[in-house]
Amino acid sequence: MKNKPLKIVAISDTHGQHRTLKLPNGDVIIHAGDVSRSGRPEQIQDFLDWFANLKFTHKIFLAGNHDFFFEKARANVIDKMIPEGIIYLNDSGVEINGVKFWGSPITPVFNDWAFNRDRGSEIKKHWDLIPDDTDILITHGPPFGILDETVYGKRTGCEELLLRVYHVKPKYHIFGHIHEDYGNFTKGETTFINASVLDDWYEMKNEPAELNFYCKSK
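Here the structure is a predicted model, which means the values were calculated and not measured.

1. Quick notes on the overall build of the protein
Piece 1. Looking only at helices and strands, the protein has five helices and 13 strands in total.
Piece 2. Since a compact globule built from 218 residues should have a radius of gyration of about 17 Å, the 16 Å found for the protein is in line with a globular shape.
Piece 3. Considered along the principal axes of its C-alpha atoms, the protein spans approximately 50 × 35 × 35 Å.
Piece 4. Put simply, the protein has 218 residues, and 53% of those count as buried.
Piece 5. Accessible area of the protein: about 10700 Å², with a carbon and sulfur share of 49%.
Piece 6. Of the charged side chains in the protein, 26 are positive and 31 negative; the average position of the first set lies 5 Å away from that of the second.

Okay, here's the thing in structure tokens:
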């Protein structure tokens, strides 16, 4: 069988500036959270309207620490709000053309943001849900020590997430959250991608990440 590449475009932390983005073509678009500035319903609706009209076959997103609506609203309200054709991941997964994606909005506690969990056993419960056969892991926040350094030199990633990633060994781990550490880094079998498109001044600066996942043709 010939390998057929699945072209994936990844972005994160648009904070309401999604309509100024210039996106390359692809099969799958992934947004790793912080789709809004403050998580108000009208901000979320504007993002969903834009996201639904993108020319990608598959559209995946998860919430971030700014996206309070997704944590506070009831599940049935969220389900009705999300347009057909959009995949919303919240400690959940989806399989596309044999490629297994898993997404989570959870980040370690920082002030009083959405989807915050205490480090240690509380946050570990979320990472334990990540299936061992995950191909592409999407989290809003980074693992500890990898593309997680703030402009002040502080490492903010999650230690428990790092341990789980080392166990699962996904081909790609896509995240955002720390705008100023945008980029990619490969260690072992996993390529880590901080896909934040805004810099630490919330200015549109960084290019969307592009990657190919080779899956077997049917």
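2. Observations concerning the packing of aromatic side chains
Piece 1. Inspection of every chain in the model, using the stated rule, returns ten aromatic pairs.
Piece 2. Ring centres of tryptophan 50 and phenylalanine 51 lie 6.1 Å apart, and the angle between their planes is 35°; this geometry places the pair in the tilted category. Considered together, tryptophan 50 and phenylalanine 51 belong to a single accessibility category, that of buried residues.
Piece 3. A centroid spacing of 5.1 Å and a plane angle of 35° characterise the contact between phenylalanine 61 and tyrosine 88, whose relative ring orientation is tilted. You can see phenylalanine 61 sitting in strand β3 (residues 58-61) and its partner tyrosine 88 sitting in strand β4 (residues 86-88), a full 27 residues away along the chain.
Piece 4. Linked through ring pairs, Phe47, Trp50, Phe51, Phe61, Phe69, Phe70 and Tyr88 together constitute an aromatic cluster.

3. Considerations on the nonpolar core
Piece 1. Of all hydrophobic cores here, the largest spans 42 residues; its most connected members are Leu48, Phe51, Phe61, Phe70 and Tyr88.
Piece 2. Of all elements in the fold, only β1 (3-11), α1 (41-52), α2 (68-72), α3 (75-81), β4, α4 (121-127) and α5 (159-168) reach the threshold of two or more residues within this core.
Piece 3. Ranked by residue count, the leading element in this core is α1, at five residues.
Piece 4. Excluding residues that lie within four positions of it along the chain, phenylalanine 61 makes contacts with His31, Val35, Phe47, Leu48, Phe51, Phe70, Ile82, Ile86, Ile87, Tyr88 and Leu89.
Piece 5. One finds Phe101, Ile136, Ala195 and Leu211 within the second-largest nonpolar core, a separate group that totals 22 residues.

4. With respect to unusual backbone geometry
Piece 1. Unlike most non-glycine residues, leucine 147 shows phi in positive territory, near 50°.
Piece 2. Examined against the element boundaries, leucine 147 turns out to sit in the loop between β9 (136-139) and α5.
Piece 3. If you check the backbone angles, tyrosine 202 has positive phi at about 60° while not being a glycine.
Piece 4. Relative to the elements of secondary structure, tyrosine 202 occurs in the loop between β12 (190-194) and β13 (209-216).
Piece 5. On the accessibility criterion, tyrosine 202 (24% relative accessible area) is partly exposed.

5. Comments concerning the sheet that holds β9
Piece 1. Spatially, β5-β6-β9-β10-β12-β11 is the arrangement adopted by the six strands of the open sheet, whose pairing is mixed. Each edge of the open sheet carries a strand with a single partner, namely β5 (92-96) and β11 (183-187). Adjacent strand axes in the sheet meet at a mean angle of 15°, parallel and antiparallel pairs treated alike.
Piece 2. By the bridge criterion, four bridges tie strand β10 (residues 172-175) to β12 in an arrangement that is parallel. Bridge pairing links histidine 173 to phenylalanine 192 in β12.
Piece 3. Along the sheet, α5 contacts β9, β10, β11 and β12; its crossing angle with β9, the most-contacted strand, is approximately 170°.

6. Quick word on the UniProt feature "domain: Calcineurin-like phosphoesterase" (unreviewed entry) in the protein
Piece 1. The UniProt record annotates "domain: Calcineurin-like phosphoesterase" (unreviewed entry) at residues 6-180.
Piece 2. Counted over residues 6-180, helix gives 23% and strand 23%. Its end C-alpha atoms are 28 Å apart.

7. Describing the layout of surface pockets
Piece 1. Looking at the largest pocket, its volume works out to about 610 Å³.
Piece 2. Taken together, 22 residues form the lining of the largest pocket, with Phe110, Thr150, His177, Ile178 and Glu180 sitting closest to its centre.
Piece 3. Broken down by class, the residue content of the lining of the largest pocket amounts to nine nonpolar, seven polar and six charged.

About the criteria used
- Residues numbered from 1 in each chain as written.
- Predicted model: local features only at pLDDT ≥ 70, side-chain atom pairs only at ≥ 80, totals over all residues.
- Heavy atoms only, no water.
- Helix = DSSP H or I, 4+ residues; strand = E, 2+ residues; numbered from the N terminus.
- Rg over C-alpha atoms; globule rule 2.2 N^0.38 Å.
- Buried < 20%, exposed > 50% of the residue type's maximum accessible area, 1.4 Å probe, protein only.
- Areas by Shrake-Rupley, 256 points an atom, 1.4 Å probe, with all protein chains shown as cover.
- Lys, Arg positive; Asp, Glu negative; His and termini not counted.
- Charge placed at Lys NZ, Arg CZ, Asp CG, Glu CD.
- Phe/Tyr/Trp six-rings, centres within 6.5 Å; stacked < 30°, edge-to-face > 60°.
- Core = buried A, V, L, I, M, F, W, Y, C linked by side-chain atoms within 4.5 Å.
- Contact = heavy atoms within 4.5 Å.
- Pairing = 2+ DSSP bridges.
- Axes fitted to C-alpha atoms, helices over the stretch in contact; angles between N-to-C directions.
- UniProt positions renumbered as here; feature names shortened; annotations may be inferred.
- 1 Å grid on protein atoms, 1.4 Å probe; cavity = no way out; pocket = protein on both sides within 12 Å on 5 of 7 lines; lining within 4 Å.
- Points joined across faces, edges and corners; volume = space filled by probe spheres on them.
- Nonpolar A, V, L, I, M, F, W, Y, C, P; charged D, E, K, R; others polar.

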